[in-house]
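Chain by chain, the residues run as shown.
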Amino acid sequence: MVFFGKYRGTFRENGFWWVNPFLTKKKISLRARNLNAEAIKVNDKSGNPIMIGLVMVWKIKDVYKALFEIDSQTIGQTAGGVTTLNSTMRAFENFVSVQSDAALRQVAGRYNYDENSNPADDVTLRSGADEINEALKQTLNDRLAIAGIEAVEARINYLAYAPEIAAVMLRRQQADAIIAAREKIVEGAVSMVKMALDNLKKDGVVDLDEERKAAMVSNLLIVLCGDEPAAPVVNAGTLYN
């Protein structure tokens, strides 16, 4: 029996190959396949429960390992006891699904969700997408190598806090945003007040003593830093009344 352009063992070469006619043949798809895993609940480096999911592209790299290392004979058999291409590939898909779940848990446990969990960390699940995806791909390939399967691409496609702490973490993020905004407002207000005092002194518009300077600074900061629009008050008396 002669086969042209077929795969022999773990080799992928074109040509004529003599094959023992008494050997059995099995069909294996070597095309790339997708796995869109559902989000799972894991703990990050700080122990916070998060929801994380992945999407990956995988394919069979070593046919020998795939057939002999994965129990596709029993998992892949149909009701009639015949192993078909679809049933065999389902056994491979089941193996990849289980290993991807384990790899995702392993990688997620190495990093914090964001910088707020531990500001000392440079890479987090939210900020270090490239590094996280590369670490995930490497971990998957280490786990899948025993079965001759290769992870061509792997990346996180879902990331969020678990529902039980999502509301608390949202309030914390809002508080951090408010503090950052306030710091920017105060910084700008101080700069504007300093510029106003310097210009008044430089142009000789008015000569203010230290007490009036303090009152002016207080009034300007209230106007510039306040949330509500300022209500102007006209002083019809003297400077000190």
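Look up a bit, the structure's there.
Since the model is a prediction, treat every value here as computed from it, not as a measurement.

Enquirer: Account for the environment of asparagine 157, naming residues and giving values.
Expert: Looking at the element boundaries, asparagine 157 is found in strand 8 (residues 149-161). Taking the C-alpha atoms as reference points, asparagine 157 and valine 55, 102 residues apart in sequence, are found 6.2 Å from one another. Not counting residues within four places of it along the chain, the set of residues in contact with asparagine 157 comprises Asn36, Gly53, Leu54 and Val55. Among the polar contacts made by the side chain of asparagine 157, one reaches the side chain of asparagine 36 at a distance of 3.0 Å. In this structure the side chain of asparagine 157 is engaged in a polar contact, spanning 3.1 Å, whose partner is the backbone nitrogen of leucine 54.

Enquirer: So, helix 5 (residues 163-203): which residues are in play, and what are the values?
Expert: Across its 41 residues, helix 5 extends 60 Å between first and last C-alpha, which sits within 8% of the 60 Å expected from 1.5 Å per residue. Among the residues of helix 5, those classed as buried are Ile165, Met169, Ala189, Val193 and Leu200. The inward-facing, buried residues of helix 5 abut strand 7 (49-60), strand 8 and helix 6 (210-225).

Enquirer: Please provide a residue-by-residue account of the environment of alanine 154, values included.
Expert: Of note, alanine 154 is situated in strand 8. On the basis of relative accessible area, alanine 154 is assigned to the buried category, the value being 6%. Considering only alpha carbons, one finds alanine 154 and isoleucine 132, 22 residues apart in sequence, at a separation of 9.7 Å. Contacts of alanine 154, omitting those with residues within four sequence positions, involve Val55, Met56, Asn133, Leu136, Lys137 and Leu140.

The rules behind these values
- Every chain is numbered independently, its residues counted from 1 as its sequence is written.
- Reporting of local features is limited, given that this is a predicted model, to residues whose pLDDT is at least 70; pairs of side-chain atoms are given and counted only at 80 or more, and all residues count toward the totals for whole chains, interfaces and linings.
- Side-chain numbers here rest on the full set of heavy atoms in the structure, without hydrogens or water.
- The numbering of helices and of strands both runs from the N terminus, where a helix is a DSSP run of H or I of at least 4 residues and a strand a run of E of at least 2.
- The contact definition used throughout considers only heavy atoms, calling two residues in contact when any of these lie within 4.5 Å.
- Any pair of N or O atoms that falls within 3.5 Å is considered a polar contact. Within protein, one atom must be able to donate a hydrogen and the other to accept it, and sequence-neighbouring residues count only if both atoms are side-chain atoms.
- Helices are assigned an expected span. That span is 1.5 Å times one less than the residue count.
- Partly exposed residues are those whose accessible area sits between 20% and 50% of the maximum for their type, while under 20% is buried and over 50% is exposed, using a 1.4 Å probe and protein chains only.

The analysis is restricted to geometry; functional conclusions fall outside its scope.
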